[in-house]
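A structural walkthrough
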Protein chains: 2
Amino acid sequence: MSGLSRRGLFGLGVAGVAAVGAGAVATRALVDEPVAHASSTSGPVPFYGSHQAGITTPAQDRLHFVTFDVVTKERAELVGLLQDWTAAAARMTQGKDAGTFGAVGGDPEAPPDDTGEALGLPPSGLTLTIGFGASLFDDRFGLADRRPPALADLPAFPGEDLQKEISGGDLCVQACANDPQVAVHAIRNLARIGFGKVAVRYSQLGFGRTSSTSRAQATPRNLMGFKDGTNNMKLEDTAMLRDYLWAAPGDGPSWMDGGSYLVTRKIRMHVETWDRAPLAEQQAIFGRDKGKGAPLTGTNEFDAPDFAKTGPDGTPVIAADAHVRLAHPSSHGGARLLRRGYNFVDGSDGLGRLDAGLFFMAYQRDPRTQFVPIQKTLSAKDALNEYIKHVSTGLFACPPGVVDAGDYWGRALFS
Amino acid sequence: MSGLSRRGLFGLGVAGVAAVGAGAVATRALVDEPVAHASSTSGPVPFYGSHQAGITTPAQDRLHFVTFDVVTKERAELVGLLQDWTAAAARMTQGKDAGTFGAVGGDPEAPPDDTGEALGLPPSGLTLTIGFGASLFDDRFGLADRRPPALADLPAFPGEDLQKEISGGDLCVQACANDPQVAVHAIRNLARIGFGKVAVRYSQLGFGRTSSTSRAQATPRNLMGFKDGTNNMKLEDTAMLRDYLWAAPGDGPSWMDGGSYLVTRKIRMHVETWDRAPLAEQQAIFGRDKGKGAPLTGTNEFDAPDFAKTGPDGTPVIAADAHVRLAHPSSHGGARLLRRGYNFVDGSDGLGRLDAGLFFMAYQRDPRTQFVPIQKTLSAKDALNEYIKHVSTGLFACPPGVVDAGDYWGRALFS
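Please read these numbers as outputs of a predicted model, since none were measured by experiment. (Residues numbered from 1 in each chain as written. Chains lettered and ligands numbered in written order. Predicted model: local features only at pLDDT ≥ 70, side-chain atom pairs only at ≥ 80, totals over all residues. Heavy atoms only, no water.)

Turning our eyes to something else, we now look at the overall build of chain A. For chain A, the helix and strand inventory stands at eleven helices and ten strands. The buried share of chain A, taken over its 415 residues, is 61%. For chain A, long-range pairs separated by at least 24 residues make up 75% of all intrachain contacts whose partners lie at least 6 apart in sequence. Carbon and sulfur atoms form 55% of the exposed surface of chain A, whose accessible area is close to 14,500 Å². (Helix = DSSP H or I, 4+ residues; strand = E, 2+ residues; numbered from the N terminus. Buried < 20%, exposed > 50% of the residue type's maximum accessible area, 1.4 Å probe, protein only. Contact = heavy atoms within 4.5 Å. Areas by Shrake-Rupley, 256 points an atom, 1.4 Å probe, with all protein chains shown as cover.)

Put into structure tokens, the structure is as follows:
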């Protein structure tokens, strides 16, 4: 089936690489001038490593996130699926087709072993990151005694309006890439390979990253028009990553050593209401200037906010209920998150409004001491709450990386 | 409000341009090396012209499509909105902020005159294209006698399952860009400017173009994994554009001279079922090879299909119900469409399946002799029907272009 191989097409050189927008530009750049920023948007991200890719990887621009319910009752089938998925992920992240699942060698009487919509597209920085939800640790698969304490159910937060059908899931997979077609292709092929063993619970597309995970990236804007994640933990913050990102020996069950915990929250924004709020109010709510993203006590984006500073009337320049104050590490004993969220627009809501907002994703060492206290503060006091609503939630234990072709997603959990 | 101006940020040079993925790469390329393919993804598309941009413009990679219901009862308010929208579109397509609607000059006690999420992003090839639906020509605005005969309601087609809430609309705006944040920003600001005069009826994001509209573009793939639109009418086909794309004097009311008619159809694909169909069946249904996109009677994508050719068993190599045969101009007296559709994934459907497919968009001179007979044939006979379902429909009269700053969208219709 050489005509259906992404690798095969790459072998043809430029002529074989379909010109699909950003990917195409980057591809041409790769051929003409092998410079760093070209490979960073269309090239491959290594799949094997001690940590999973897609966490500290400089945030790609597009997301396809999915959670699955496991429908098989057989532990061996689940393990087999994780092995098949790992092999497919190792291939797809390197720009190859999903692999020989079902039809081997191109039997035309069998379904194709890849769905085809990414044929000719470069790897596009694709990463695939797996997580295990709390519901996987019930008694179906003999995992009840392996549930990490850090995977404790999140408490209820004031004001949330969670929809069960877009929350939770036994498994999650985060696909990030610089070409949405590549991210969609990857999730779709994992779903295809899992047919009969897992069913899609929900899936979410995101079109614009809302955080930087590297100092080499500029801070992007959320759909409230503000720079978001200025103070995010970044891959260069080595000591912080150790303290606040990766699960370490002794934290919990050893199968999570080197892993991380992912919290997802779909946050609907009432953009129409927001758009009618005065600029001064918007800036007071964030505690930052809208243009540059500088704290209201500073002049540049990365200036440290001065929470003690008062104005002529004696009140704090950055209000007591300003988002930047309440979310700041100094309000939480230094606790940090590695945020990796995406803007979304899911069409409209039938009431004349855009169904838009932020699909919040944050990785951390222990949600009980990181996301939970931060969100408790925000949900109780944040001035932003008038304009947002949390409509879905998720918590997943993301195991350490797959170290080589003999390893697979979650091996330590099942062995 | 200089800190909030996209133009202002551009003046800062590279440092002021937020690095958001594809846009960022292209921007750097623009600064470092002003070559053609960089400006084609991040640069501006001219707004003024005898035809609207966004029709023959080489198809950008991302779509945000919206339709509005007009809620004001005042003709003058509607005309005023079209003038305001035109001014905002002229600005945003050139990479500027939406303009001074509401707050002038940056009064902090007024809402910002731009929502901000595109600050620092380049024009990204944004085009905004307006259309008028049949419902606008009822008796609300005195337009009943100006409805073009070509804007005749589409007939019912076999097998369609149309959802009223995502069909129709008094007005539509198609935003296409190479950065989805730029397309989303444009639609959102038009909705903001229209508050109280129009309400969003529905909106649809598309992430991958499924047709080329220029010979300079490679043919992309749809979510069935096949190259789509190989035989599309393209901007280089000058004689065909005259015959099959642009409304001409004498066709109908003169306000549409130089305009075009847009048909939209949201086509849900049953991708999970499709993915389990044998490769040979998939190729027989399309009448094309999946790898290269060649007709089954040829060896290369652009080879003309030989519909008369039979195989060893005497049956046609390209089956009687193959998509390429039924959709081919030779089956419809040479009738052509300029297709401009996009792949979509709207999450999942609650039944364990991706809610995915094609948002079909096609421009033409007269749907009565182009889309309608083609779709009649396809809906009656196409082997593909087993795997797809039309769930929304739209038909819009897209007026000619805005020629200068004194003109506005639909001026000839209202004067």
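On to the pattern of salt bridges. All names here are of chain A. Using the criterion set out here, one finds 42 salt bridges over all chains in the structure. In this structure, Arg-339 and Asp-228 form a salt bridge, with 3.2 Å as the shortest nitrogen-oxygen distance. With Arg-339 in strand E7 (residues 338–339) and Asp-228 in the loop between strand E5 (208–209) and helix H6 (238–244), this residue pair connects regions lying 111 residues apart in the sequence. Given the relative accessible area of 18%, Arg-339 is considered buried. (Salt bridge = Lys/Arg side-chain N within 4 Å of Asp/Glu carboxyl O.)

With that settled, the discussion passes to the pairing of strand E8 (residues 342–348) of chain B. Residues and elements named next belong to chain B. Counting buried residues in E8 gives six out of seven residues, a clear majority hidden from the surface. Looking at chain direction, strand E5 (residues 208–209) and E8 are connected through two bridges and run antiparallel. Bridge pairing in E8 places Gly-208 opposite Asn-343. Pairing of E8 with strand E9 (residues 354–364) involves five bridges; the strand directions are antiparallel. In the sheet register, Val-345 faces E9, and the bridge partner there is Ala-356. Counted along the chain from E8 to the antiparallel partner E9, the turn is five residues long, and its residue Gly-350 has a positive phi close to 80°. (Pairing = 2+ DSSP bridges.)

Turning next to the relation of the copies chain B and chain A. Screw-axis analysis of chain B against chain A gives a translation of 0.0 Å along the axis, an RMSD of 0.0 Å, and a rotation angle of 180°. On the angle and the small slide along the axis, the relation comes out as a two-fold axis. Same-surface contact between copies: 100% of interface residues of chain B are shared with the interface of chain A. (Least-squares fit on C-alpha atoms with pLDDT ≥ 70 in both.)

Here the UniProt feature "domain: Dyp-type peroxidase C-terminal" (unreviewed entry) sits at residues 219–402 of chain A. As annotated, residues 219–402 of chain A comprises 19% helix and 22% strand, and the C-alpha atoms at either end are separated by 30 Å. (UniProt positions renumbered as here; feature names shortened; annotations may be inferred.)

What follows is about the confidence of the model for chain A. Residues and elements named next belong to chain A. Looking at chain A, pLDDT values average 88 and 89% of them are 70 or higher. A low-confidence stretch, residues 7–39 stays under pLDDT 50, and its non-local contacts, those more than four residues away or across chains, total 50 contacts. Across the interface, the model reports ipTM at 0.88; the global pTM reads 0.90. (pLDDT = per-residue confidence, 0-100.)

Let us now look at the packing of helix H4 (residues 75–92) of chain A against helix H5 (residues 180–193) of chain A. All names here are of chain A. For the pair H4 and H5, the least separation of the axes is 10 Å and the interaxial angle reads 155°. Taken together, the axis directions place H4 and H5 in an arrangement best described as roughly antiparallel. Here H4 runs over H5; the crossing is right-handed. Contacts between H4 and H5 involve Leu-81, Asp-84, Trp-85, Ala-88 and Met-92 on the former and, on the latter, His-185, Ala-186, Asn-189, Leu-190 and Ile-193. (Axes fitted to C-alpha atoms, helices over the stretch in contact; angles between N-to-C directions. Parallel < 35°, antiparallel > 145°, perpendicular 65-115°, else oblique. Left-handed = near helix turned anticlockwise from the far one by under 90°.)

What follows concerns helix H10 (residues 371–381) of chain A. Among all positions of H10 of chain A, only Phe-371, Val-372, Ile-374, Gln-375, Thr-377, Leu-378 and Ser-379 of chain A are buried. On its buried face, H10 of chain A sits against strand E6 (260–269), helix H9 (323–327), strand E9 (354–364) and strand E10 (388–398) of chain A.

Time to look at the interface of chain B and chain A. Quoted interface sizes are often the accessible area lost when the parts come together. Facing 66 residues of chain B, the contacting portion of chain A comprises 67 residues. Summed over both partners, the interface of chain B with chain A comes to about 5,600 Å²; 62% of that surface belongs to carbon and sulfur atoms. Between Asp-275 of chain A and Arg-188 of chain B there is a salt bridge whose closest N-O contact spans 2.9 Å. The tally of links from chain B across to chain A stands at 17 residue pairs in polar contact (both at pLDDT 80 or more). At six residues, the largest contribution of residues to the side of chain B that touches chain A is made by strand E4 (residues 198–206) of chain B. Per-class residue counts for the side of chain B that touches chain A are 32 nonpolar, 18 polar and 16 charged. (Buried area = accessible area lost by both parts, 1.4 Å probe. Polar contact = N/O pair within 3.5 Å; in protein donor to acceptor, adjacent residues only side chain to side chain. Nonpolar A, V, L, I, M, F, W, Y, C, P; charged D, E, K, R; others polar.)

Now for H4 of chain A. The end-to-end C-alpha separation of H4 of chain A is 25 Å, in line with the 26 Å expected for 18 residues at 1.5 Å each. Looking at H4 of chain A, one finds that the buried residues are Leu-78, Val-79, Leu-81, Leu-82, Trp-85, Thr-86, Ala-88, Ala-89, Ala-90 and Met-92 of chain A. (Expected span 1.5 Å × (residues − 1).)

What is expected of a backbone is that most residues other than glycine have negative phi and most peptide bonds are trans. Residues and elements named next belong to chain A. Phi angles above zero are rare outside glycine, and Ser-124 is one such case at about 60°. Within the element layout of this structure, Ser-124 appears in the loop between H4 and strand E2 (127–133). On the basis of relative accessibility, which here comes to 1%, the residue Ser-124 falls in the buried class.

Here the focus is the packing of aromatic side chains. A ring pair, where both rings are aromatic, is described by two values, the distance of the centres and the angle of the planes. A complete count under the given rule lists 28 aromatic pairs over all chains for this structure. For the ring pair Phe-47 of chain B and Tyr-48 of chain B, a centre distance of 5.3 Å and an interplane angle of 75° mean the geometry is edge-to-face. Judged by centre distance (5.3 Å) and plane angle (45°), the rings of Phe-65 of chain B and Phe-359 of chain B are tilted. Of the two residues, Phe-65 of chain B is situated in strand E1 (residues 62–70) and Phe-359 of chain B in strand E9; the sequence distance between them amounts to 294 residues. On the basis of relative accessibility, which here comes to 0%, the residue Phe-359 of chain B falls in the buried class. The rings of Phe-65, Tyr-202, Phe-359 and Phe-396 of chain A are connected pair by pair, giving a single aromatic cluster. Between the NZ or CZ atom of Arg-276 of chain A and the centre of the ring of Phe-195 of chain B, over which it lies, the distance is 3.6 Å. Sitting over the ring of Phe-344 of chain B, Lys-266 of chain B keeps its end group 4.7 Å from the ring centre. (Phe/Tyr/Trp six-rings, centres within 6.5 Å; stacked < 30°, edge-to-face > 60°. Lys NZ or Arg CZ within 6 Å of the ring centre and 35° of its normal.)

With that out of the way, let us pick up the pairing of strand E2 (residues 127–133) of chain B. Residues and elements named next belong to chain B. Burial runs high along E2: seven of the seven residues are buried. Judged by which residues are buried, E2 turns out to be covered on both faces: Thr-127, Thr-129, Gly-131 and Gly-133 on one side and Leu-128, Ile-130 and Phe-132 on the other are all buried. With six bridges joining them, E2 and strand E3 (residues 171–177) adopt antiparallel strand pairing. Among the inter-strand pairings, Thr-129 is bridged to a residue of E3, identified as Gln-174.

All names here are of chain A. Assignment of secondary structure puts Thr-213 in the loop between E5 and H6. The class for Thr-213 is buried, based on a relative accessible area of 0%. Residues Thr-213 and Asn-232 lie 19 residues apart in sequence; the distance between their C-alpha atoms is 7.0 Å. From its side chain, Thr-213 meets the backbone nitrogen of Ala-59 in a polar contact 3.0 Å long.

So, on to the side chain of Ser-167 of chain B. Residue and element names in this part refer to chain B. For Ser-167, the location among the structural elements is in the loop between E2 and E3. Classification of Ser-167 by relative accessible area gives buried; the value is 8%. Among the polar contacts listed, one links the side chain of Ser-167 to the backbone nitrogen of Thr-393, at a separation of 3.1 Å.

Once that is clear, we can look at the environment of Ser-379 of chain B. All names here are of chain B. Examined against the element boundaries, Ser-379 turns out to sit in helix H10 (residues 371–381). You can call Ser-379 buried: its relative accessible area is 9%. A sequence separation of 170 residues divides Ser-379 from Arg-209, and the C-alpha atoms of the two residues are 23 Å apart. When neighbours within four sequence positions are excluded, Ser-379 is seen to be in contact with Phe-157, Pro-158 and Asn-385.

So, about the side chain of Arg-221 of chain B. By the secondary structure assignment, Arg-221 of chain B is in the loop between E5 and helix H6 (238–244). At 2.9 Å, the side chain of Arg-221 of chain B and the backbone oxygen of Gly-225 of chain B are in polar contact. In contact with Arg-221 of chain B, not counting residues within four places along its chain, are Gly-116, Glu-117, Leu-119 and Gln-181 of chain A together with Phe-226, Lys-227, Lys-290, Gly-291 and Asn-343 of chain B.

Bringing the state of the cysteines into the picture now. Per the counting criterion, the structure on display carries zero disulfides over all chains. The closest cysteine sulfur to the non-disulfide-bonded Cys-398 of chain A is located on Cys-172 of chain A, 5.1 Å from its own sulfur. (Disulfide = S-S within 2.5 Å.)

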